[in-house]
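Take a look at the letters that make up each chain.
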Amino acid sequence: MDNNSISQVLADVAVLMQAKGENVFKVRAHSKASDQIKSLSYPISDIADDADKLGDIPGFGAGIIDIVQELARTGRLGLFEELSEELPDGVLELVQIPGIGPKIAVTAANDLGISTYEQLAASIESGDFQRLPRISKKGAAQILRHVKMRVDQGKRIGIGPATQAASDVIAELRDRCPEITQIEVVGSVRRSAELIGDINIVCAVANSDESETVIDAFTTLSNVHEVQSHDEQTAEFTDRTGFGYSVTVVTDDAFAGALVYGTGSVSHGQQLEKLAIEQGLELTRFGLLDSDGSVVAGQSEEELYKRLGLEPVAPEIRENTGELELAAKQALPQTITLGDIRGDLHSHTNWSDGRYPMEDMVAAAQERGLEYLAITDHSPSATVANGLKPDMLLAHNTAVREMAESSGMPLLTGTEMDIKPDGSLDYSDELLADLDIVIASIHSGMEQDSSTMTQRVIDAMESPHVDVICHLTARLLGKRAPVEIDIDAVLEAAVRTGTVMEINASPDRIDLRADHVRKAVDLGVIFAINTDSHRVLQFDNMRFGVNTAIRGWVEPNRVINTLHYAELMAFLALPKSERYAFNESRG
DNA sequence: GCCGTTTTCGGCCCGACTGTTTTCAGTCG
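Conventions and cut-offs
Residues numbered from 1 in each chain as written. Chains lettered and ligands numbered in written order. Predicted model: local features only at pLDDT ≥ 70, side-chain atom pairs only at ≥ 80, totals over all residues. Heavy atoms only, no water. UniProt positions renumbered as here; feature names shortened; annotations may be inferred. Helix = DSSP H or I, 4+ residues; strand = E, 2+ residues; numbered from the N terminus. Rg over C-alpha atoms; globule rule 2.2 N^0.38 Å. Buried < 20%, exposed > 50% of the residue type's maximum accessible area, 1.4 Å probe, protein only. Contact = heavy atoms within 4.5 Å. Areas by Shrake-Rupley, 256 points an atom, 1.4 Å probe, with all protein chains shown as cover. Lys, Arg positive; Asp, Glu negative; His and termini not counted. Charge placed at Lys NZ, Arg CZ, Asp CG, Glu CD. Pairing = 2+ DSSP bridges. Axes fitted to C-alpha atoms, helices over the stretch in contact; angles between N-to-C directions. Arc of directions from axis to C-beta. Domains from an automatic or database assignment. Buried area = accessible area lost by both parts, 1.4 Å probe. Salt bridge = Lys/Arg side-chain N within 4 Å of Asp/Glu carboxyl O. Polar contact = N/O pair within 3.5 Å; in protein donor to acceptor, adjacent residues only side chain to side chain.

- In the annotation of an unreviewed UniProt entry, chain A is listed under the name DNA-directed DNA polymerase and assigned to Candidatus Lucifugimonas marina.
- Of chain A, the UniProt comment under Catalytic activity (unreviewed entry) reads exactly: "DNA(n) + a 2'-deoxyribonucleoside 5'-triphosphate = DNA(n+1) + diphosphate".

Encoded structure:
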């Protein structure tokens, strides 16, 4: 079993224990072990036979070691099965909803027989759920928002886990089939959509008689639960959770066409098909074909678009939302790339809720070729996240300056400061004035109504010290619905006050939707693309933020962390009222 | 359940808020 699966079982055990009313510290021990496994940099199954090595992991004692060994050896856990047996169905699903914890989940299941999101939504709508103890009308209304989001989402999963699942399948397939010459994920994963309904893979072999080997391997991959269909060139299966995977195998000369066919949205594809027909060609899932059915050879994706009279279109924007008209006029925007990013302006260390010391985070950022990094630990109101009290912030500033000195990497002193429920800020102006960068965000009072929430954020933007608003909607992709807020009003206020908007790169957040970003681009908003890293590996998430920016048609000069360090510091040294004009003057 | 040790058991994350209710469950990263 991989780390994520083992970590998930431990997290589920913690929830079920809590639902059962077990000692909170026992619960926490399992939950901590789950976190610990998730942040390991190697597969824990590699050391599962070595109890001593397992014991070296902080928080691992005899009990946790037994659990990990049982899972690694058998893929199952007796304790989990016993707990599942003891507790009503649906607890693990219901606790995913913000506002519902293990206790309420058990009560809802026992008293009202609720075990699915659909049943929960129906129960709230009929008013039954609100009659449970400690559930208010207002609370139930908020829960309904989150539940409806879950119901709408269905079986779709977030882009983060979907990307991981796709690369796992590709790695296993490559390993089993040396015949594969080219392989790529297509569909919504390649477009970097937020939610993914299934995973589509295209691969190429040198000779068509090799494709059957690939199909055989694909339909017997380790996560195959049920094969839905297969022929010589295509196959589909679902995994244990009912999530679907498909593969199309083509020969090398048809690979680019298959990529084009498989990547764009349905309506993007239809437009391309029309253009192909106009030229006497046919675009199929096996590539671009001539009138006699033979593959139009010698092509890359770029050449294919050109053949259709179009400028090549980045995979992320193949949605038929205006890109084809611009491509026909050779007038597509030059969207940002990962290589344009020079620094990260949002990161956490173990001074607050990050998992790693400052030096590890700085080293990880350096390894990834970043030119500079802002260390932005939490402010006092974020108590659970161990937010820094004023004296600790001063010590933090000193530590950051010393670290910059010793590491040789330019670092920005900073904070991720809470915007309190009344719109006031968590540090004094005096403290804020001393920081290189202040990024501000909502972490509490997330159920406020839209006008209160909107005003709260705009109040914070009016501060001369608040440089960036981060993860504006506070949504967690597929888990927590966005806060209710007037996005247009906030974006307009950003331009008016000279405030930068963050595009949060965490694949769990994808906080601003692509259409919000595109709207912001039209309004002239400036962005920062930040990883919000709490762990060293999370710096690798930057690509998800960049992909979101591409989907929003963001060009590199609209993003402040494409600036070199000295330019960025010059930008931040200006009064906010002059910053947008400064950015306009960039080449 | 883990930890650190005073090697056997007490302490474990320091809070502030909401909503409901009068002691607590849940949330915020």
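The structure having been displayed, the exposition proceeds.
### Quick notes on the overall build of chain A
Inference 1: Looking only at helices and strands, one finds 25 helices and 16 strands in chain A.
Inference 2: At 26 Å, chain A has a C-alpha radius of gyration in line with the 25 Å of a compact globule built from 587 residues.
Inference 3: C-alpha extents for chain A along the principal axes are approximately 75 × 65 × 55 Å.
Inference 4: By residue count, 53% of the 587 residues in chain A fall in the buried class.
Inference 5: Taking as baseline every contact in chain A between residues at least 6 positions apart, the subset at least 24 positions apart corresponds to 68%.
Inference 6: Of the roughly 25400 Å² of accessible surface on chain A, 48% is carried by carbon and sulfur atoms.
Inference 7: Of note, chain A has its 51 positive side-chain charges centred 6 Å away from the centre of its 92 negative side-chain charges.

### Side note on the pairing of strand β13 (residues 437-441)
A regular strand places its side chains on the two faces of the sheet in alternate fashion.
Inference 1: Within β13, five of the five residues are buried, leaving the element largely enclosed by the surrounding structure.
Inference 2: Of the two faces of β13, the one carrying Ile437, Ile439 and Ser441 and the one carrying Val438 and Ala440 are both buried.
Inference 3: Sheet analysis places β13 next to strand β14 (residues 468-469), joined by two bridges and oriented parallel. The residue bridging Ala440 from the neighbouring strand is Ile469, located in β14.

### Quick look at the sheet that holds strand β6 (residues 234-238)
Inference 1: Strand order in the open sheet formed by five strands is β2-β4-β7-β6-β5, with mixed pairing between adjacent strands. Two strands in the sheet have a free side with no partner beyond their single neighbour: β2 (180-185) and β5 (226-230). Strand-to-strand, the axes of this sheet are offset by a mean angle of 20°, without reference to chain direction.
Inference 2: Bridge count for β5 against β6 is four bridges, and the pairing is antiparallel. Its bridge partner lying in β6, His230 is registered against Ala235.
Inference 3: Where helix α10 (residues 159-176) meets the sheet, it contacts β2, β4 (198-205) and β7 (244-251), and its direction lies at approximately 170° from that of β2.
Inference 4: Running over the sheet, helix α12 (residues 211-218) touches β2, β4, β5, β6 and β7 and is turned about 170° from β7.

### Focus on helix α17 (residues 358-367)
Inference 1: Among the residues of α17, Met358, Met361, Val362, Ala364 and Ala365 are the ones counted as buried. For α17, the angular spread of buried residues about the axis comes to 160°, placing them on one side. Set apart from the buried face of α17 by more than 90 degrees, the exposed residues are Glu359 and Glu367.
Inference 2: Looking at the buried side of α17, the elements it contacts are β11 (372-378), α18 (390-407) and β12 (411-418).

### A short note on the UniProt feature "domain: Polymerase/histidinol phosphatase N-terminal" (unreviewed entry) in chain A
Inference 1: UniProt marks residues 343-421 with the feature "domain: Polymerase/histidinol phosphatase N-terminal" (unreviewed entry), using the numbering shown here.
Inference 2: Secondary structure across residues 343-421 divides into 35% helix and 22% strand, with the first and last C-alpha atoms of the span separated by 31 Å.

### Thoughts on α12
Inference 1: Inspection of α12 places Ser211, Val214, Ile215, Ala217 and Phe218 among the buried residues, and these make up the whole buried set. Considered in projection along α12, the buried side chains sweep an arc of 160° and stay on one side of the axis.

### Quick notes on the domain arrangement of chain A
Inference 1: Each domain of chain A was delimited in the assignment, giving domain 1 (3-153), domain 2 (158-315) and domain 3 (338-388 + 414-581).
Inference 2: Taking only C-alpha atoms, the centre of domain 1 and the centre of domain 3 are 30 Å apart.
Inference 3: Across the boundary between the two partners, domain 1 contributes twelve residues, which contact twelve residues of domain 3.
Inference 4: Summed over both sides, the interface between domain 1 and domain 3 buries roughly 1200 Å², with carbon and sulfur atoms accounting for 44% of that surface.
Inference 5: In this assembly, domain 1 and domain 3 are joined by three salt bridges.
Inference 6: Put simply, Glu484 and Arg145 hold a salt bridge, and the shortest N to O gap is 3.7 Å.
Inference 7: The tally of links from domain 1 across to domain 3 stands at four residue pairs in polar contact (both at pLDDT 80 or more).

### Section: the sheet that holds β14
Backbone-to-backbone hydrogen bonds join strands into a sheet, with any given pair of strands oriented parallel or antiparallel.
Inference 1: An order of β10-β11-β12-β13-β14-β15-β16 is seen for the seven strands of this open sheet, with the pairing classed as parallel. The outermost strands of the open sheet, each flanked by one partner alone, are β10 (343-344) and β16 (527-530).
Inference 2: Pairing of β14 with strand β15 (residues 500-504), which is carried by two bridges, proceeds in the parallel orientation. Bridging across to β15, Val468 finds its partner in Val500.
Inference 3: Packed on one face of the sheet, helix α23 (residues 542-551) meets β10, β15 and β16 and runs near 145° to β16.

### A word on the pattern of salt bridges
Inference 1: Under the definition given, this model contains 23 salt bridges.
Inference 2: We note a salt bridge from Glu301 to Arg190, for which the minimum N-O separation is 2.7 Å. Within this pair, whereas Glu301 is found in helix α15 (residues 301-307), its partner Arg190 is found in helix α11 (residues 187-190), the two being separated by 111 residues in sequence.

### Digging into unusual backbone geometry
Inference 1: Positioned with a positive phi, His471 is a non-glycine residue whose angle comes to about 20°.
Inference 2: You will see that Ile510, though not glycine, has its phi angle at about 35°, which is positive.
Inference 3: Looking at Ile510, the relative accessible area reads 5%, which means it is buried.

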